[in-house]
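# Topology and contacts: notes
Each chain, written out:
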Amino acid sequence: MKLHFNLTRFNKASFKTASSAMPILKYEIVPPKGLAQFDLSELWRFRDLLYIFIWRDIKVRYKQTLLGIAWAILQPLLTMVIFSLFFGRLMKVPSQGIPYPIFVYAGLLLWNYFYSALTDISNSLIGNENMIKKVYFPRLILPIAQATTPAVDFVFAFIVLLGLMWYYQYSPHWLGILILPVLLVMALGAALGPGLFLAAMNAKYRDVKYLLPFFTQLLLFVTPVIYPLEIIPQRFQALAMLNPLTGIITVSRSFLLGLPLPNNWPQLLGISALIIILFLVGGLAYFRKTERFFADEL
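These numbers were taken from a predicted model, which means no experiment stands behind them. (Residues numbered from 1 in each chain as written. Predicted model: local features only at pLDDT ≥ 70, side-chain atom pairs only at ≥ 80, totals over all residues. Heavy atoms only, no water.)

### Observations concerning the overall build of the protein
- For the protein, the count of helices and strands is 14 helices and zero strands.
- When each of the 298 residues of the protein is scored for burial, the buried share is 43%.
- Restricting the contact set of the protein to residue pairs at least 6 apart, pairs at least 24 apart contribute 80%.
- Total accessible area on the protein is roughly 17500 Å²; 68% of this is exposed by carbon and sulfur atoms. (Helix = DSSP H or I, 4+ residues; strand = E, 2+ residues; numbered from the N terminus. Buried < 20%, exposed > 50% of the residue type's maximum accessible area, 1.4 Å probe, protein only. Contact = heavy atoms within 4.5 Å. Areas by Shrake-Rupley, 256 points an atom, 1.4 Å probe, with all protein chains shown as cover.)

Right, dumping it as structure tokens:
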């Protein structure tokens with residue numbers, strides 16, 4: 001509906017007469033209900049706002065920090081050193097015949113992205129509380145922006161991996177470099193699905209942000225990051241494949257380092273993709289269902 005206003009000069013008496021004769025129009029702005037009404041065109045109309053959020057989060061991430069970009073390099077590097085000392089040297093965890101530091105760092109590459117994206121997405125609503133209460137825009141833009149920002153850390157971490165491989169005289173396989181962006185998108189989806197659910201939950205129950213680090217630490221040890229998939233007993237491998245990160249990390253590390261691929265690696269990626277889609281649909285449905293209450297709960 002388009003409303004046209006004719007602006008003329010009124011005195012006080014004529015304004016009272018005109019205003020009493022005019023009907024009172026009331027509008028209520030509510031978000032659309034249900035997943036079926038999910039509007040991609042609305043996200044496209046707000047694409048400039050999405051770009052602004054992504055650029056804002058990147059600047060906040062690296063501006064006015066003591067370490068800045070160096071933290072994106074030191075965090076996975078120090079984690080690799082600790083894991084190499086405890087699991088590589090002391091526990092003698094097998095690394096498929098390559099130096100353990102390269103093995104574990106290649107696994108941490110996508111894991112760190114997933115962890116950062118999941119954490120940022122879950123806090124995306126409470127971190128923009130004032131904006132949500134005052135301005136209308138598709139709330140889904142906030143989690144998407146938070147999921148994209150850690151990709152900058154991923155780029156720096158990948159450069160460090162190339163340096164480690166050069167130090168140990170290993171060359172990255174060209175197929176691994178080609179497939180890595182696809183696996184990064186899958187890791188984004190793996191973080192976005194549960195992250196949408198956690199973000200909506202976090203808007204109502206603030207203790208979600210305290211429980212999330214505990215469960216992600218548990219998830220790290222049940223994901224083949226610090227050990228190869230083959231070390232898992234055969235009777236538990238089917239259960240391990242239900243973790244979408246199992247296929248993503250195993251295939252990415254095998255392609256990047258030129259390791260033998262599991263015989264069922266297409267099945268691994270297929271199961272990961274299916275579970276990611278299910279999580280995305282479920283997380284999006286819950287996010288849309290609770291979206292109308294965000295302003296009241298924050």
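The rest of the description comes next.
### Let's talk about the pattern of salt bridges
- Enumeration over the complete set of coordinates arrives at three salt bridges.
- Among the ionic pairs, Lys 133 bridges to Glu 129, the shortest N-O distance being 3.0 Å. Linking Lys 133 with Glu 129, this pair stays in helix H6 (residues 129-134), spanning four residues, or about one helical turn.
- With a relative accessible area of 42%, Lys 133 lands in the partly exposed category.
- Judged by its relative accessible area of 24%, Glu 129 falls in the partly exposed class.
- Of the charged contacts in the structure, one is a salt bridge between Glu 291 and Arg 288, with a shortest N-O distance of 3.2 Å. Both residues of the pair, Glu 291 and Arg 288, belong to the buried class. (Salt bridge = Lys/Arg side-chain N within 4 Å of Asp/Glu carboxyl O.)

### Quick word on the packing of helix H5 (residues 100-122) against helix H9 (residues 174-204)
- In the contact formed by H5 and H9, the axes pass within 7 Å of each other and the chain directions differ by 30°. The pairing of H5 with H9 is recorded here as roughly parallel in orientation. Handedness of the crossing formed by H5 with H9: right-handed.
- Here the residues of the contact of H5 with H9 sort into 19 nonpolar, three polar and no charged. (Axes fitted to C-alpha atoms, helices over the stretch in contact; angles between N-to-C directions. Parallel < 35°, antiparallel > 145°, perpendicular 65-115°, else oblique. Left-handed = near helix turned anticlockwise from the far one by under 90°. Nonpolar A, V, L, I, M, F, W, Y, C, P; charged D, E, K, R; others polar.)

### A closer look at the packing of helix H3 (residues 47-62) against helix H8 (residues 151-167)
- Closest axis-to-axis distance for the H3/H8 pair is 10 Å, and the angle between their directions is 55°. Taken together, H3 and H8 sit at an angle that is classed as oblique. For the pair formed by H3 and H8, the contact residues are Ile 58, Arg 61 and Tyr 62 on the first element and Val 152, Asp 153 and Phe 156 on the second.
- Among the residues making up the contact of H3 with H8, the classes are represented as four nonpolar, no polar and two charged.

### Details of the packing of aromatic side chains
- For the structure shown, the criterion picks out ten aromatic pairs.
- Note on Phe 255 and Trp 265: the rings are 5.5 Å apart at their centroids and 85° apart in plane angle, and the pair reads as edge-to-face. Highlighted residues: Phe 255 in helix H12 (residues 244-257) and Trp 265 in helix H13 (residues 265-290), separated in sequence by ten residues.
- An aromatic cluster of at least three residues, connected via ring pairs, comprises Phe 83, Phe 87 and Phe 221. (Phe/Tyr/Trp six-rings, centres within 6.5 Å; stacked < 30°, edge-to-face > 60°.)

### A closer look at H3
- Taking 1.5 Å of rise per residue, the 16 residues of H3 would be expected to cover 22 Å, and the 23 Å separating its terminal C-alpha atoms lies within 8% of that figure.
- Within the sequence span of H3, burial applies to Phe 53, Ile 54, Asp 57, Ile 58 and Tyr 62. One side of H3 carries all its buried residues, which in axial view fall inside an arc of 150°. Facing away from the buried side of H3, by more than 90 degrees, are the exposed residues Asp 48 and Val 60. (Expected span 1.5 Å × (residues − 1). Arc of directions from axis to C-beta.)

### Let's talk about the confidence of the model for the protein
- Chain-level statistics for the protein give a pLDDT mean of 83 and a share of 85% at 70 or above.
- Ranking the elements of the protein by mean pLDDT puts helix H1 (residues 12-21) last with 48 and H5 first with 93.
- Counting interchain partners and residues more than four positions distant, the pLDDT-below-50 stretch residues 1-10 has five contacts. (pLDDT = per-residue confidence, 0-100.)

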